[in-house]
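Now for the letters of each chain:
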Amino acid sequence: MQTQKDILKYLLGQVWKPARYTGNEWNAVKKEHSSVDLRMAFAFPDLYEVGMSNHGLKILYESINRNPGMLMERVFSPATDMEELLRKYNLPLFSLESHKPLKEFDIIGFSLQYELSYTNVLNMLDLADIPLRTEDRKGDHPLIVGGGPCAFNPEPLAPFFDLFVLGEAEECLPAILTGYMDLKRHGYERNEIIARLSTFEGVYVPSLYNPAYSGEEFIGMERKDDRAPEMIRKVTVENLDTAPFPKAPPVPYLQTIHDRAVIELFRGCGRGCRFCQAGYIFKPVRRRSRDKLQQTAKEIIDNTGYEELSLVSLSSTDYPHLEELINNLDSDLSARKVKCSLPSLRLDSYSIKLADKLHQGRKSSLTFAPEAATERLRKVIKKNITEEEIFTSLGDAIDAGWQGFKLYFMIGLPAEHDEDVVEIVNLCRRLREYFKGRAKRKISINVSVATFVPKSHTPFQWEPQLSMDEVNRRQDILRTGFKKLRGVDFSWHDARASFLEAVFARGDRKLAPALEHAWQMGCRFDGWSEYFDFSLWQRAFQKTAVRGEDYAYRRFSYDQCLPWDHLSCGVDKNMLIAEHQKSLAGEKPEGVTHDPDLL
Amino acid sequence: MTRICFNYARKEQIKYISHLDMMRLFQRALRRSGLPLAYSEGFSPHPRFNLAAPLPVDVTADDELGEVFFKEEIAPEEFILKLKKQLPEGLEIKRAQAVDKQAPALPSLVSAALYQARLVTVSPQLEVNIEAYRSALERLLDKEEILAPRSSRKGKRKTNVNVRPYINEAYFNGDEHEDQVVLKLLLQTGSRGGVSPVFVLEQLDFELGEKRPSHVNWNLHRVRLYRDCNGSLKPLSEGMCI
């Protein structure tokens, strides 16, 4: 008889990038399964290279594995070549550390970072030979848990998950897991255990709630069990200095998307951009002390040997005394030639100065996100930078020797008119002229334009997404405009993928059958353009009598009940309404036609 | 300044990674070790470190070489002791030696490599027709030209190179493991041109055509590297202190 190990060995010789599946990285935690009381698998529904770049994984890996009685192992979505082989040889999905089937774990926790990874979640459950729906799972099946940003509107996934944890789980997760194992030891039935877990802070057990409808209209959640809270509130870490901090994360062999050491300066963001879900769900702003950061930075480099240290946050340059911190880090780490980097830069002179300080070597390009090209529209979304600031900071960057810029914009924002779209091209033209006067060398400009997706828990949650036809028309304006503008590289997002993202971002439980159907028909890796097949999704919607347009294009009214109203991120709905009204105050009505002379 | 040349083995656990991944792995392990590394000059300094020859993905090896420069005097014993603690399971440092700082860079010395390829089947019941393999190999070696695609440095122009002259020796060896087919390949490698063992095995599979059994894999192992010594090949590890 062939053992699973032999078959796996054989399969590894057949797939692209086998190191995605082997584990055994430096700092990977290997514990004997029989030596602990609780075994959890952290499941990331995307490729290894993507999942290993996720900071949340590293935090939870530390939070669980530092407990002697618990273990956490990792599993990622197998690429399509590996999936084919796993199915062909009937091999169940396994974890990286022990190569044990997922089914043998007590708990599987899915990281829900973006809506377009949902089919991968179902696929991983299926490859693990675990029933997709919570009602079909038996006592010995692992508990299926979800967390991450998408847990703030998990309704489309409700039938597939036993529970969700809202917010920052690094401090509360060990307690929830211990509670689960205690209940299990006491011999309670699966359903009873899950019901009791609903009393834990931040825990949402979707099966205890029944969505009520009046006709087609969702009118709120009915609780099936008195123990389940009416409103589930997210959990937050109070003091980042004492919270688990990944000091020795596994160091991947393969180059991942973000292959570097990471220290998190602060959680939350004080800027309040109205489109940004992260800005709202990670409130309030909490800082790590400089001493703590400096001390852990050194430890991380000691433990990993990374050549780069990234200072991450939602808006890193807002960290007070950042320059001093960087100076201190530099004196600690320069002997080992470790360089520091900032992931996001604001368009101001201070940021450029810092970028210049951090950068040695060829200054290829800097990335900024003005999001909108007109000051009026930037005010609507509360991205408060002036045109003057854009020109001054990019000018500073050119003087400092940078050779190009990558600029991110969005179209389809609330109160956007054709002028705003055309202005993206015009702004780039003005920048190009400005650069010509300022630099002798050629300055490259890369423009990437995404489509706005209204997200839950933001002031724009009531806003509809722009229709695909309209997105395509506005993209045409951009394509025509940029065709005439040489020296600027223009790329855009597939309107259909953004549509699907909006459907699920604003969706409710009625979407679950469509999701399951799409997966059955072969949808995987929907966020990857090479795998995304919109026609399959259209068929899935048709087959399950779901109109995606009703979700993406619907404008909610303030008094309407939203599918995520029972899930609180701590921001009062009235405050969101006030922000929404403020954003649109003084805006002219939509519907101004496109004037070709503007270009 | 010290220049240390070391000898290492790569086992099953760690064989699935590429040459660039190996370079990163060693450089990070060296940084963790706390040893006083010498760094390259310039804007993006990296440790002065070399591996003798790229090892393809999915290939194990017994007798590989690497070299590293330190800005201070380091005894080979200390080097071994400190680096060993930082290497993952499956990567084993065996010997180390201080070498002449002026000697040519390690990669420039490599001229050939000996590989051993074993056929493994996913199920042991599957029989492999060794005779079919033997005659396919004969046909392959009889060719005057075996073309391999090469792209130019920037990847723009694609050309074909005849790699037949780079196959020094290739023969099946049946006596070691009676139940397994073992193919030995002595291939030219290095700056004067070479051929990858993976490519040779692909060509062999291609020669087999329909006779190629499904459910089999080649298990590749690099036995040792060679350098050219006045026209004859000498194991590189024997002459590491030139």
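For the structure itself, consult the block above.
This one's a predicted model, so the numbers in the text were calculated from it and none came from an experiment.

## Here's the deal with the side chain of Glu155 of chain A
- Residue position: Glu155 of chain A is located in the loop between strand S4 (143–147) and strand S5 (163–165).
- What Glu155 of chain A contacts, discounting residues up to four positions off in sequence, is Tyr204, Met221, Gly507, Asp508, Arg509, Pro563 and His566 of chain A.

## Quick notes on helix H3 (residues 130–142) of chain B
All names here are of chain B.
- With 13 residues, H3 should cover 18 Å at 1.5 Å per step; its first-to-last C-alpha distance of 18 Å lies within 8% of that length.
- Buried within H3 we find Ala132, Tyr133, Ala136, Leu137 and Leu140. Buried residues in H3, looked at end-on, bunch into an arc of 135°, giving them a common side. Facing away from the buried side of H3 by over 90 degrees, the exposed positions are Glu131, Glu138 and Asp142.
- Of the surrounding elements, those touching the buried residues of H3 are strand S5 (110–121), strand S8 (167–173), strand S9 (182–188), helix H4 (197–208) and strand S10 (216–229).

## Some words on helix H4 (residues 55–65) of chain A
Residue and element names in this part refer to chain A.
- H4 sits mainly inside the fold: 9 of its 11 residues count as buried.
- Regarding H4, the residues found buried are His55, Leu57, Lys58, Ile59, Leu60, Tyr61, Ser63, Ile64 and Asn65.
- Two or three places before Gly56, at the opening of H4, Asn54 has a side-chain oxygen 3.0 Å from that residue's backbone nitrogen.

## Notes on the nonpolar core
- Membership of the largest hydrophobic core comes to 218 residues, with the highest contact counts inside it found for Leu309 and Leu311 of chain A together with Phe79 of chain B.
- Setting aside its immediate chain neighbours within four residues, Leu309 of chain A contacts Ala261, Val262, Ile263, Ala297, Ile301, Leu329, Leu333, Val338, Lys339, Cys340 and Ser341 of chain A.
- Membership of the second largest hydrophobic core comes to 42 residues, among which are Leu65, Phe199, Trp218 and Leu220 of chain B.

## Thoughts on the environment of Val546 of chain A
Residue and element names in this part refer to chain A.
- Here Val546 lies in the loop between helix H19 (534–543) and helix H20 (548–552).
- A relative accessible area of 10% places Val546 in the buried class.
- Measuring from C-alpha to C-alpha, the distance between Val546 and Gly272 comes to 34 Å, with 274 residues separating the pair along the chain.

## Describing the packing of helix H15 (residues 418–438) of chain A against helix H16 (residues 468–483) of chain A
Residue and element names in this part refer to chain A.
- In contact at an axis separation of 10 Å, H15 and H16 are set at 25° when each is read in the N-to-C sense. If you check the angle between H15 and H16, you find them roughly parallel. Remark: the crossing between H15 and H16 carries right-handed chirality. The residues of H16 that touch H15, namely those facing Asp418, Val421, Val422, Ile424, Val425 and Cys428, are Arg473, Arg474, Ile477, Leu478, Gly481 and Phe482.
- Each residue belonging to the contact of H15 with H16 can be placed in one class, and the counts come to 8 nonpolar, 1 polar and 3 charged.

## A short note on the side chain of Glu207 of chain B
- Residue placement: Glu207 of chain B occurs in helix H4.
- The contacts of Glu207 of chain B, once residues within four sequence positions are left out, are Ala136, Arg139, Leu140 and Lys143 of chain B.

Rules used in this analysis
Residues numbered from 1 in each chain as written. Chains lettered and ligands numbered in written order. Predicted model: local features only at pLDDT ≥ 70, side-chain atom pairs only at ≥ 80, totals over all residues. Heavy atoms only, no water. Helix = DSSP H or I, 4+ residues; strand = E, 2+ residues; numbered from the N terminus. Contact = heavy atoms within 4.5 Å. Expected span 1.5 Å × (residues − 1). Buried < 20%, exposed > 50% of the residue type's maximum accessible area, 1.4 Å probe, protein only. Arc of directions from axis to C-beta. Polar contact = N/O pair within 3.5 Å; in protein donor to acceptor, adjacent residues only side chain to side chain. Core = buried A, V, L, I, M, F, W, Y, C linked by side-chain atoms within 4.5 Å. Axes fitted to C-alpha atoms, helices over the stretch in contact; angles between N-to-C directions. Parallel < 35°, antiparallel > 145°, perpendicular 65-115°, else oblique. Left-handed = near helix turned anticlockwise from the far one by under 90°. Nonpolar A, V, L, I, M, F, W, Y, C, P; charged D, E, K, R; others polar.

Interpretation in functional terms is not warranted from these geometric data alone.
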